[in-house]
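# Examining the three-dimensional arrangement
Take a look at the letters that make up each chain.
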Amino acid sequence: MSKLITRRNFLRSSVVAGSGLVLAGCDQFNFLADQSNPIRQVVERANVLTYQAQRALIGEQTLAREYSASEIRQGQRPNGSTDPTTPEYQFLRAQDFVPYRFTVKGMVEREVSFSLDELRNMPARSQITRHDCVEGWSCIAKWTGTPLGPILDMARVKPGARYAVYHCFDNIQRTISGDILYYTSSDLVDAYHPQSILSYGLNDQPLPVANGAPVRLRIERALGYKQPKYLHTVELVDSLEGFGRGRGGYWEDTGYDWYGGI
Ligand SMILES: Nc1nc2c(c(=O)[nH]1)N[C@H]1C(S)=C(S)[C@@H](COP(=O)(O)O)O[C@H]1N2
Ligand SMILES: [Mo]
């Protein structure tokens, strides 16, 4: 049995231990939004364990496995938001994303922002990796983009920053009190990881709208919901408290594991 499978099984058993919880699809966790739900409490306690256990097991800069082109068997299956309807996004899409800006802000010495052309002219990296959704499906795909780390360096991250919050254009949920926009977050180890790329290319084509155009971040050692599509801003912070319900992401706010490691 490979090291990867062993680690996955180990972590899966630690996440669900005692809860009887079956890991289900991306849109099937709404019952976990209830803060007092006992399953949610088990999952939250498990967050601490999986994070510490994973960091101890995988080390800081271990690369996710990369595959060969012959292992790409199908297109990247679109999931979650596939056609954002917010006016801001529709405007950019209608303009072929020419006015799009990618911004780094928050706990940085200087806010920086770049157009899509500027990102495309930065050093590029391509990687063929496997995307694993908690729904139980996987896709192997080739992602092309520019590493996030050097861009964070241009903004000069302040010493107290602990997390990167990723803000997206899409309204993943509409409620009577307004749209809920997708967001997720990572620690700085994952933000600076060499495979963490601002991806604008998928399988040698421009990134399609269904998969997050114009830019989506890849965090290759994490599950699908930690791969923000329609990304416009990275915000450096020392706490996740001010965002959503304070759990570090749209799905995380409903009870998904924050680290979401594979
Ligand atoms: N902005 C945004 N990012 C997102 C989502 C989303 O709905 N909106 N869904 C997540 C989930 S659950 C998965 S599995 C992947 C799907 O990416 P894909 O459509 O390229 O397969 O995107 C993730 N990132
Ligand atoms: Mo997912």
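Residues numbered from 1 in each chain as written. Chains lettered and ligands numbered in written order. Predicted model: local features only at pLDDT ≥ 70, side-chain atom pairs only at ≥ 80, totals over all residues. Heavy atoms only, no water.

## Considerations on the confidence of the model for the chain
Overall, the prediction assigns the chain a mean pLDDT of 87, with 78% of residues at 70 or greater. Confidence drops under a pLDDT of 50 for residues 1–29, and excluding neighbours within four residues, the segment shows 47 contacts in the predicted structure. (pLDDT = per-residue confidence, 0-100. Contact = heavy atoms within 4.5 Å.)

## Comments concerning the environment of P87
The residue P87 is located in helix 3 (residues 87–94) in this model. P87 sits 83 residues away from D170 along the chain, and the two C-alpha atoms are 9.9 Å apart. (Helix = DSSP H or I, 4+ residues; strand = E, 2+ residues; numbered from the N terminus.)

## What about the site of ligand 1?
As a matter of local geometry, ligand 1 sits amid 23 residues, with Q76, R77, N79, D170 and K229 nearest to it. N79 has a polar backbone atom sitting 2.8 Å from an oxygen atom of ligand 1. In the model, a nitrogen atom of ligand 1 is placed 2.7 Å from a nitrogen or oxygen of the D170 side chain. Protein chains bury 100% of the 530 Å² of accessible surface belonging to ligand 1 in isolation. No other element matches strand 5 (residues 163–175), which puts three residues into the shell around ligand 1. Within the shell around ligand 1, the residues separate by chemical class into eleven nonpolar, eight polar and four charged. (Near = heavy atom within 4 Å. Polar contact = N/O pair within 3.5 Å; in protein donor to acceptor, adjacent residues only side chain to side chain. Areas by Shrake-Rupley, 256 points an atom, 1.4 Å probe, with all protein chains shown as cover. Nonpolar A, V, L, I, M, F, W, Y, C, P; charged D, E, K, R; others polar.)

## Description of the pairing of strand 7 (residues 197–202)
The buried fraction of strand 7 amounts to six of the six residues, a majority that puts the element mostly inside the structure. Across five bridges, the pairing between strand 4 (residues 138–147) and strand 7 is antiparallel. Counted as the bridge partner of P147 is I197 from strand 7. Connecting the antiparallel pair strand 7 and strand 8 (residues 205–206) is a turn made up of two residues, with N203 showing a positive phi of about 50°. (Buried < 20%, exposed > 50% of the residue type's maximum accessible area, 1.4 Å probe, protein only. Pairing = 2+ DSSP bridges.)

## Topic: the pattern of salt bridges
Taken as a whole and assessed by the stated rule, the structure comprises twelve salt bridges. Between D117 and R120 there is a salt bridge, and its shortest N-O distance comes to 3.3 Å. Taken together, the residues D117 and R120, both in helix 4 (residues 116–120) and three residues apart, mark about one turn of the helix. (Salt bridge = Lys/Arg side-chain N within 4 Å of Asp/Glu carboxyl O.)

## Digging into the sheet that holds strand 2 (residues 112–114)
Here we have five strands laid out as an open sheet, ordered 2-1-10-5-6, and mixed in their pairing. What marks the edges here is a single partner per strand, and that holds for strand 2 and strand 6 (178–187). Within the sheet, the average angular offset between the axes of one strand and its neighbour, ignoring direction, is 25°. As paired elements, strand 1 (residues 102–106) and strand 10 (residues 231–237) share four bridges and run parallel to each other. Note on strand 10: the bridge partner recorded for T103 is T233. (Axes fitted to C-alpha atoms, helices over the stretch in contact; angles between N-to-C directions.)

## Description of the pairing of strand 6
As paired strands, strand 5 and strand 6 are joined by nine bridges and run antiparallel to one another. Its bridge partner lying in strand 6, Y163 is registered against D187. Two successive antiparallel strands, strand 5 and strand 6, enclose a turn made up of two residues.

## Details of unusual backbone geometry
Of note, the bond from A213 into P214 is cis; its omega dihedral lies within 30 degrees of zero at 5°. The residue P214 is located in the loop between strand 8 and strand 9 (216–217) in this model. Here the phi dihedral of D96 falls at roughly 50°; this positive angle occurs in a residue that is not glycine. Among the structural elements, D96 can be located in the loop between helix 3 and strand 1.

## Some details on the packing of aromatic side chains
Note on aromatic pairs: each is described by the distance of the centres and the angle between the planes. In this structure the tally under the stated criterion is nine aromatic pairs. Among the aromatic residues, ring-to-ring pairing joins Y89, F97, Y100, F169 and Y230 into one connected group. (Phe/Tyr/Trp six-rings, centres within 6.5 Å; stacked < 30°, edge-to-face > 60°.)

## Here we look at the side chain of H193
Topologically, H193 is positioned in the loop between helix 6 (188–191) and strand 7. A residue is classified by how much of its surface remains accessible, and H193, at 2% relative accessible area, is buried. A distance of 3.0 Å separates the side chain of H193 from the backbone nitrogen of Q195, its partner in a polar contact.

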